Amino acid sequence: MHADLGPVLALYPTLTTIVGAHCGGKPNFLAVAHLSPMNHGTPQYLAIGLNKAHHTNAGILENGQFSINIPGQDLLAETDYVGLVSGKNTDKSGLFEVFYGQLPAAPLIRDCPVCMECRLHQTLVLGAHDIFIGELVATHADPTVLTDGRIDVAKIRPMLFDMPLKKYRALGPVLGDCWSAGKALKHKDAQ
C-alpha cells in the first residue's frame, strides 16, 4: 500500500540550469531547477519559476530578456555558488566568460554547452514566485554536444537537482526509444 505523503511534489530530480539576466547593467546569474518547456510549436515557450526575493527577477522585468544556460558537471561548484549568493550583495558578472546572441540583456555562458536566449512573453505571480514565460529566440550549442546536428543530452553531462535529498545527480543509461517501447502493448490491444 502506498503511503499518503500529502501534497509533496514528486517530480524531482529536474534539470539544473543557470539563468542569466542583466541587473543594474551587468550580467547576473542564478541556479534554477524549476523550469518547463510550455509547448512544441512555433514560437516555442519556456517557463522558469523564481522566488520574488531573487535579484535576477528585477533584471528580467526591467529588460524583458533572460538566458537559460545548461552547465555540464564540470561546472558543479560554480552552479551551486550562483544559487548560494545573491546578486544584491555579490557581483557575479565576472564568474563566467559571457557572450551574446540576438538579445543584448540575455548573457550566455561560454562554458555551458547549451545556452538559450529568451524574450519575456508573460509573467505570472503564484504566491511568493514569479513565473516568467519566455519566447525562445535562439539556442546555441557547442558542436561537441551534437549528434547528427541535434543536442545529445548525454554529451552535455548535465546535473539534475534532487530537492528532497538536497543532492545533484547525473543521468543514467538510456532505457528505450520514445514512441516505440510501448508498441508491443499497442499491438496486443488491437488483437
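Residues numbered from 1 in each chain as written. Predicted model: local features only at pLDDT ≥ 70, side-chain atom pairs only at ≥ 80, totals over all residues. Heavy atoms only, no water.

Another point: the packing of aromatic side chains. Aromatic rings in a pair are described by how distant their centres are and how their planes are angled relative to each other. Enumeration according to the criterion identifies three aromatic pairs in this entry. Arranged with centres 6.0 Å apart and planes meeting at 80°, the rings of Y12 and F161 form a pair that is edge-to-face. Here Y12 is found in the segment before β1 (14–15), whereas its partner F161 is found in strand β13 (residues 160–162), with 149 residues between them in sequence. Aromatic rings pair up to connect Y12, F161 and Y168 into one cluster. (Phe/Tyr/Trp six-rings, centres within 6.5 Å; stacked < 30°, edge-to-face > 60°. Helix = DSSP H or I, 4+ residues; strand = E, 2+ residues; numbered from the N terminus.)

Attention shifts here to the sheet that holds strand β9 (residues 114–126). The strand order across the open sheet formed by seven strands is β3-β2-β6-β9-β10-β5-β4, and the pairing between neighbours is antiparallel. The open sheet is flanked by β3 (26–32) and β4 (35–37), the only strands paired with a single partner. Between one strand axis and the next, the sheet turns through 30° on average, direction left out of account. Together, β2 (17–23) and β3 form the strand contacts of helix α2 (residues 76–84), whose direction differs from that of β3 by roughly 100°. (Pairing = 2+ DSSP bridges. Axes fitted to C-alpha atoms, helices over the stretch in contact; angles between N-to-C directions. Contact = heavy atoms within 4.5 Å.)

Note on terminology: a disulfide is the covalent bond linking the sulfur atoms of two cysteines. Counted under the stated rule, the structure contains zero disulfides. There is no disulfide at C115, and the cysteine sulfur nearest it, in C112, is 5.3 Å away. (Disulfide = S-S within 2.5 Å.)

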